[in-house]
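# Analysis of the macromolecular model
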Amino acid sequence: MEPPEWTVLRCSCCSMCFGRRVGTRGRCTRCGILANDSTEVVSHAMNVEQLQSEIGLANMPEDLREEFLEKMQHTTPVQSHSVGDLRRLKECILLAAEDGTLTAESVAKSLARMNIRMNAIDLIEMGYEQGLLFKLSEDEWQVLD
Ligand SMILES: [Zn+2]
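Computed from a prediction, not measured in an experiment: that's the story for all the values here.

It is worth spelling out the packing of helix α3 (residues 104–113) against helix α4 (residues 120–129) at this point. The description of two packed helices rests on the angle between their axes and on the distance between the axes. Axis separation between α3 and α4 bottoms out at 8 Å; the angle between their running directions is 105°. Between α3 and α4, the angle falls in the class roughly perpendicular. Residues A104, V107, A108 and L111 of α3 pack against A120, I121, L123 and I124 of α4.

Attention now goes to the environment of F18. Mapped onto the elements of the fold, F18 is located in strand β2 (residues 17–21). Since 24 C-beta atoms lie within 10 Å of it, F18 is described here as buried. Distance from F18 to V8, taken between C-alpha atoms, is 5.6 Å for residues ten residues apart in sequence. When sequence neighbours within four positions are dropped, the list of residues in contact with F18 reads L9, C11, G26, C28, T29 and I55.

The next thing to look at is α4. By the burial criterion, the buried members of α4 are A120, L123, I124 and G127. The arc that holds every buried residue of α4, seen down its axis, measures 100°, which confines them to one face. Facing away from the buried side of α4 by over 90 degrees, the exposed positions are I121, D122 and E129. Count one or two residues on from α4 and you reach G131, which has phi positive near 80°.

A separate point is the confidence of the model for the chain. Per-residue pLDDT for the chain averages 87, and the proportion of residues at 70 or more is 90%. Of the regions scoring below 50 in pLDDT, residues 76–81 engages in zero contacts with residues more than four places distant in sequence or in other chains.

The next subject is the domain arrangement of the chain. For the chain, the assigned domains read domain 1 (6–61) and domain 2 (81–143). On a C-alpha basis, the centres of domain 1 and domain 2 stand 50 Å from each other.

The three strands are arranged β4-β6-β5 in an open sheet whose pairing can be described as antiparallel. Strand pairing shows two members of the sheet lacking a second neighbour, β4 (101–102) and β5 (133–137), which therefore form its edges. When β4 meets strand β6 (residues 140–143), the two strands line up antiparallel, connected through two bridges. Bridge assignment links L102 to a residue of β6, and that residue is W141.

Criteria and thresholds
Residues numbered from 1 in each chain as written. Predicted model: local features only at pLDDT ≥ 70, side-chain atom pairs only at ≥ 80, totals over all residues. Axes fitted to C-alpha atoms, helices over the stretch in contact; angles between N-to-C directions. Helix = DSSP H or I, 4+ residues; strand = E, 2+ residues; numbered from the N terminus. Parallel < 35°, antiparallel > 145°, perpendicular 65-115°, else oblique. Contact = placed C-beta atoms within 7 Å. Buried ≥ 20, exposed ≤ 12 C-beta atoms within 10 Å, placed from the backbone. Arc of directions from axis to C-beta. pLDDT = per-residue confidence, 0-100. Domains from an automatic or database assignment. Pairing = 2+ DSSP bridges.

This is the structure:
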């Protein structure tokens, strides 16, 4: 593992956090005080993106930070869940397609068969946005996949 490229420091003067690149002298972005040996090291970051989120987090008030971290933890599983859902919804579209075309009615049936609680039109619109469906008429879509 490579050593972290950035250090997040807390200013001893105004207690704001700022980043310091390894090998350079850090300076508080708010009051301009230079970092020294007694400056508190809050965390490390491998790159600028990580540094920005570390600094943002470090400068967040305590109560907000907890809420933020909690939100982050709750968001991650939901995201991976929706990727799995997307695959299922695609299956559902394919299931609904007879002879490569489908209607809102056939989508509604396949949603029911797969036990997915979703509006057929919503699914069709999603498939359309994802480039899976091509609209043939008001109530007929062709599966492109
Ligand atoms: Zn400062």
